[in-house]
Structure formats: C-alpha cells, structure tokens
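Remarks on the overall topology
Residues per chain are reported as follows:
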Amino acid sequence: MQLKDCYNFHDFRRMAKQRLPGPIFNYIDGAADDEVTYRRNTAAFEKCDLVPDVLRGVADVDMSVTVMGQKLSMPVYCSPTALQRLFHHQGERAVAAAAGKFGTMFGVSSLGTTSLEEARRISGGPQVYQFYFHKDRGLNRDMMARAKSAGVETMMLTVDSITGGNRERDKRTGFAIPFKLNLSGIAQFAMKPAWGINYLTHERFSLPQLDDHIKMDGGALSISRYFTEMLDPSMNWEDVEQMVREWGGPFCLKGIMSVDDARRAVEIGCSGIVLSNHGGRQLDGSRSAFDQLAEIVDAVGDRIDVMMDGGIQRGTHVLKALSLGAKAVGLGRYYLFPLAAAGQAGVERALETMRIEIERGMKLMGCTTVEQLTRRNLRFRD
C-alpha cells in the first residue's frame with residue numbers, strides 16, 4: 001500500500017500497520033481495559049444526523065477559527081502526543097512542519113521526542129505545550145519557564161492522567177520505554193526489519209523535555225514509573241489555580257468531562273478546556289467527549305473556549321462538533337497513523353484530506369463560515 005492510495009483514516013491505519021512492529025502499532029491503536037470508550041468515541045457521531053440547507057451561495061468558504069486568542073486556518077489541530085519518533089524518525093518535526101503549512105495548531109508533549117525549542121523553530125503557527133503535574137513543584141515551574149522562553153503562548157495541562165490506564169495490548173507484548181519486550185514482542189519486531197533499520201540509523205531516541213529525569217538506557221526511570229512515581233495524584237484545583245497565575249497567559253485543561261469541572265476551570269482563570277477521555281486510553285467506560293459536549297457548552301461556552309477530541313475520523317465529525325458549540329477539534333490517531341506510515345508527507349496528506357472534507361461538508365451544509373454551523377443543523381437519534 002502506498003500513500004497515494006490513502007483516502008481516509010482507515011487507509012492510513014492500514015498503511016501504518018504494514019510498516020510498524022506490532023507492539024508499536026498497538027501502542028497507538030490500543031486503549032484501556034475492554035476498549036469500550038475507544039470504540040464509543042467514534043460511534044457517538046453516528047447517532048447524530050446533519051440537516052443541510054441549500055441555495056445559500058457557498059462559492060467561498062472560510063473555515064478559520066480563533067481559539068484562546070490564536071487564529072487557526074482550519075477548525076482542527078494536532079493534539080500533543082507522546083513518543084512520536086517511535087512511529088517515524090521525523091516525529092514531532094514532521095507534525096510541526098505540516099501544521100505550520102496548514103496554518104493550524106499543534107502541540108509538543110512532556111513526553112515528546114523533539115524539544116519545544118526545535119518545534120517552535122520549525123513552525124511559526126500556534127503551539128501549545130502539553131505537560132503533566134509533577135510531585136516536584138520546582139520541575140513544574142521549570143517546565144513552564146522553559147516553554148515561555150521557547151516562545152510557546154499556550155500551556156495545556158493534562159488532568160486525566162495522574163496514573164496510567166490499563167492498556168492490556170502493551171502488557172501482552174511487554175511494550176515499555178525503555179524497551180523490555182517479551183518473546184512475543186521481540187518476534188513482532190523481527191517481522192518488520194525495515195523499522196528497526198530506520199530506528200537504528202537515525203539519531204538516538206530521547207525525551208528532551210525530561211532528559212534529566214528519564215534515561216533511555218533503563219538506568220533511571222521508565223515511562224511507566226514516570227507515571228507512578230513522578231506524577232502527583234494529589235493534584236487539586238488549588239495547585240492548578242496557582243499554575244494558571246504563574247503562567248500569566250492562555251492556559252488550557254485537557255481531560256475535563258464534567259460540567260462542575262468546566263465551571264471550576266472558568267473560575268480559576270483558564271482560557272480553554274479540552275473535553276477528552278484521552279482517546280479511551282485512561283478510564284474505560286467513560287463518556288465520549290462528543291456526547292458530553294452540548295451540556296458543557298451550555299454551561300460555560302460563553303466564558304471559555306471549549307474544544308474536544310476523541311474519535312475524529314471524518315470532516316463530518318468535525319462539523320457535528322462545531323455545530324454543538326466546540327471552538328475547535330483535536331486530532332490524535334488521525335495524524336499519528338499517517339505519521340507512522342509516511343512521516344511529514346503522511347501528516348500533510350491527512351490534514352489536506354481533512355481540510356477538503358470540512359470545506360466540502362460546509363458547502364453541502366450551506367455554510368460559508370464556521371459560525372453558521374449551529375444546532376439547528378443537527379438531529380439526534382435514540
């Protein structure tokens with residue numbers, strides 16, 4: 001399968017599966033427990049129907065949006081995700097370049113494999129820094145100071161990951177960072193030698209944001225131990241409120257799912273929230289962000305920018321989320337599979353496919369701007 005043969009999410013997923021060793025593919029593709037929430041994230045959109053208007057004069061479409069003071073050329077952005085250079089040696093560099101080309105936002109993770117500074121140099125577009133709350137408050141302050149120095153304008157604190165989810169696909173192969181594969185996992189790597197050659201012939205894998213805390217030789221701290229030993233499960237609203245004050249700029253909470261939490265985010269001065277269940281990778285059985293979107297927009301949408309992620313595979317999914325009141329929609333696996341399949345060229349093809357689908361969908365809906373997408377255009381089925 002070649003990149004030119006990829007026309008949708010499922011094509012990119014198949015191409016990534018052909019290229020990646022099983023343990024790495026399953027790290028991207030897998031989720032927590034029985035993966036019910038992972039499946040529900042996309043299925044939720046199927047219960048919602050679009051009701052188009054016609055004869056509206058839609059020769060020109062403007063799909064730009066403004067989120068947390070940042071203008072995006074299209075209403076989707078590349079959500080920050082970890083370990084991207086495991087999927088392709090270009091990693092975050094490819095995503096930063098592609099997002100910059102399409103004029104949209106992307107993010108670097110605390111567990112990113114490219115430095116904040118390098119990603120900032122690659123793309124002049126909006127960038128967020130996704131980070132976790134550590135027991136070491138000094139480390140939290142240092143990470144924010146580094147982001148500010150790098151020119152990052154928006155901080156994104158992930159609040160649904162004080163402990164790692166139960167990802168059984170990873171357990172079956174022994175997938176971990178540093179690698180500690182079991183026999184099954186080793187055999188699956190041996191079946192994809194091209195990936196191994198690519199991995200070994202490029203620069204050494206590292207986590208630049210946490211180089212002083214997680215060593216890739218296994219002598220210091222593994223990723224799993226990072227979650228269990230360095231992150232602070234006692235994190236509370238007072239802690240986050242202090243961080244918001246210290247940052248002094250746009251601050252976003254990722255992983256909000258309840259109305260009460262959304263209201264509290266407004267109260268402590270956040271400028272944005274992302275409704276997210278972490279792609280079904282944390283609490284299995286939790287509600288989908290799309291199903292929860294309307295009540296949170298109704299509660300706080302006039303006071304804070306509400307975004308969502310999870311399960312987005314089509315432009316029509318984006319139109320439905322925007323119609324319910326989301327300001328923008330985050331993409332995760334949607335760009336990770338094409339990254340794994342073909343690097344920057346894959347991410348660009350995926351974003352171009354999404355851009356075309358959104359533009360086509362808006363024309364067919366009779367809308368020339370995102371603001372014209374409203375709940376009047378939706379109907380829900382039981």
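Below you will find a few notes about this structure. (Residues numbered from 1 in each chain as written. Predicted model: local features only at pLDDT ≥ 70, side-chain atom pairs only at ≥ 80, totals over all residues. Heavy atoms only, no water.)

Here we take up the side chain of Ser-110. By the secondary structure assignment, Ser-110 is in the loop between strand S5 (106-109) and helix H6 (116-122). Ser-110 sits in the buried class, given a relative accessible area of 0%. Side-chain polar atoms of Ser-110 contact the side chain of Tyr-129, separated by 3.4 Å. Ignoring sequence-local partners within four residues, the contact set of Ser-110 consists of Tyr-129, Gln-130, Phe-131, Tyr-132, Met-143, Gln-209, Leu-210 and Tyr-226. (Helix = DSSP H or I, 4+ residues; strand = E, 2+ residues; numbered from the N terminus. Buried < 20%, exposed > 50% of the residue type's maximum accessible area, 1.4 Å probe, protein only. Polar contact = N/O pair within 3.5 Å; in protein donor to acceptor, adjacent residues only side chain to side chain. Contact = heavy atoms within 4.5 Å.)

A positive phi is found at Asp-33, a non-glycine position, where the angle reads about 50°. Mapped onto the fold, Asp-33 is located in the loop between helix H2 (22-29) and helix H3 (36-46). Even without being a glycine, His-278 presents a positive backbone phi close to 65°. Mapped onto the elements, His-278 comes out in the loop between strand S9 (272-275) and helix H14 (289-300). Given the relative accessible area of 15%, His-278 is considered buried.

For the rest of this paragraph, the subject is the pairing of strand S10 (residues 305-309). Most of S10 sits out of view: five of its five residues are buried. The two faces of S10 match: Asp-305, Met-307 and Asp-309 on one face and Val-306 and Met-308 on the other face are all buried. Relative to S10, S9 runs parallel, the two sharing four bridges. Residue pairing for S10: Leu-275 is matched across the bridge by Met-308. This β-α-β element, S9 to H14 to S10, shows right-handed connectivity. The pairing of S10 with strand S11 (residues 328-331) spans three bridges and is parallel. Its bridge partner being in S11, Asp-309 is matched across the sheet by Gly-330. (Pairing = 2+ DSSP bridges. Right-handed = clockwise from strand over helix to strand, strands pointing away.)

With the rule as written, the count across this model stands at 27 salt bridges. Between Arg-14 and Asp-11 there is a salt bridge, with its nearest N and O atoms 2.4 Å apart. One end of the pair is Arg-14 and the other is Asp-11, both in helix H1 (residues 9-19) and three residues apart, which spans about a single turn. Given a relative accessible area of 44%, Arg-14 falls into the partly exposed group. On the basis of relative accessible area, Asp-11 is assigned to the buried category, the value being 9%. With a shortest N-O distance of 3.9 Å, Arg-245 and Glu-241 are connected by a salt bridge. Highlighted residues: Arg-245 and Glu-241, both in helix H12 (residues 237-247), separated by four residues, approximately one helical turn. One network of salt bridges, with partners in common, ties together Arg-13, Asp-29, Glu-35 and Arg-169. (Salt bridge = Lys/Arg side-chain N within 4 Å of Asp/Glu carboxyl O.)

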